[in-house]
Amino acid sequence: LLNKATNPGSNSVDGNVITKFCGLINRDPDGPQNAIKYLVHKITSPIESEAFLALNLTEHCVRDCGKKFHAEVGKFRFLNELIRLVSPKYLGSARSDKLKTRVIELMYSWSKGLPNEEKIAQAYQMLKRQGIVKQDPTYMDEMMPEPAKQEKKSSVFEDDEKSKLLT
C-alpha cells in the first residue's frame with residue numbers, strides 16, 4: 001500500500017489506498033510505529049515526487065489515524081528526519097525549495113493543530129531560531145483538526161460572595 005501511495009510515476013494518491021493504509025495502521029497495535037519508519041524512508045527519498053507523495057500521505061495519516069499516530073509524529077526520531085530535509089547542514093542543500101517549504105508548512109500546521117505534541121512546536125521554533133524558517137507560512141491545512149478550545153468553566157470559587165458563603 002505504501003509503494004502504491006508513493007509511486008513516483010503517479011502524480012496523485014488514490015483515496016482508497018490512503019483509506020486502506022490508515023485502516024492498516026489503526027488495526028495493528030504497532031501500526032503507527034511501523035508506518036512512521038517506512039514513511040521516513042519514503043520522505044527522505046532522493047526522488048522528489050516520491051518524497052512529496054510520502055509527505056502528503058503522512059499528512060493524511062495525521063488527519064485520519066488518531067492519537068497514537070500523532071504521538072509517533074511528535075517524537076524527535078521523526079522530527080529529526082524532517083529537520084534534516086530543511087537544514088543546510090544535512091540534506092537541505094540537496095533538496096528543492098518547494099520540498100523544504102512543504103516540510104515547513106506541515107511542521108507549522110502540526111504545531112498548531114496538535115498542541116499536545118509539544119516536540120513538534122519545539123522543533124519548529126528551533127528552525128525559526130536557526131534562521132531556517134524566516135516567517136510562519138500562510139499555509140494551514142483546512143482539514144487539520146482545530147486545537148481543542150478550553151471553555152471557561154464557571155466555578156463557585158470565582159464568585160467572592162459564593163466563595164465566602166461556601167466557606
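The present account deals with the structure reproduced in this document. (Residues numbered from 1 in each chain as written. Predicted model: local features only at pLDDT ≥ 70, side-chain atom pairs only at ≥ 80, totals over all residues. Heavy atoms only, no water.)

**Considerations on helix α4 (residues 48-64)**
If you check α4, its first and last C-alpha atoms are 24 Å apart, about what 17 residues at 1.5 Å a residue would give, namely 24 Å. For α4, a buried count of 12 out of 17 residues is recorded, marking the element as mostly surrounded by other parts of the structure. Buried within α4 we find E50, A51, F52, L53, A54, L55, L57, T58, E59, C61, V62 and R63. Buried-residue contacts for α4 involve α1 (2-5), α2 (15-27), α3 (31-43), α5 (67-73), α6 (76-86) and α7 (97-113). Backbone geometry just after α4 places G66 at a positive phi near 85°. (Helix = DSSP H or I, 4+ residues; strand = E, 2+ residues; numbered from the N terminus. Expected span 1.5 Å × (residues − 1). Buried < 20%, exposed > 50% of the residue type's maximum accessible area, 1.4 Å probe, protein only. Contact = heavy atoms within 4.5 Å.)

**Comments concerning the packing of α6 against α7**
Angle between the axes and distance between the axes: these two values describe a pair of packed helices. The contact between α6 and α7 brings their axes to 9 Å, and the two run at 145°. Where α6 crosses over α7, the handedness of that crossing is left-handed. Facing α6, whose interface residues are F78, L79, L82, I83, L85 and V86, α7 presents K100, V103, I104, M107 and W110. Of the residues contributing to the contact of α6 with α7, the split by class is 10 nonpolar, no polar and one charged. (Axes fitted to C-alpha atoms, helices over the stretch in contact; angles between N-to-C directions. Left-handed = near helix turned anticlockwise from the far one by under 90°. Nonpolar A, V, L, I, M, F, W, Y, C, P; charged D, E, K, R; others polar.)

**Observations regarding the nonpolar core**
In this structure, F69, F78, L82, M107 and W110 are the most contacted members of the largest nonpolar core, which totals 41 residues. Elements with a minimum of two residues in this core: α1, α2, α3, α4, α5, α6, α7 and α8 (118-129). When near neighbours in sequence (up to four residues on either side) are disregarded, L82 contacts I43, L55, V103, M107 and W110. (Core = buried A, V, L, I, M, F, W, Y, C linked by side-chain atoms within 4.5 Å.)

**Observations regarding the state of the cysteines**
Applying the stated rule across the entire model yields zero disulfides. The thiol of C61 is unpaired, and the distance to the nearest cysteine sulfur, on C22, comes to 3.9 Å. Not engaged in a disulfide, the cysteine C65 finds its nearest cysteine sulfur in C22; these two sulfurs lie 3.4 Å apart. (Disulfide = S-S within 2.5 Å.)

**Looking at the environment of L57**
Note on placement: L57 falls in helix α4. On the basis of relative accessibility, which here comes to 0%, the residue L57 falls in the buried class. Taking the C-alpha atoms as reference points, L57 and A5, separated by 52 residues in sequence, lie 7.2 Å from one another. In this view, L57 contacts L2, A5, T6, I18, F21 and L39; residues no more than four positions away in its chain are not counted.

These results come straight from atomic positions and should not be treated as a statement about function.
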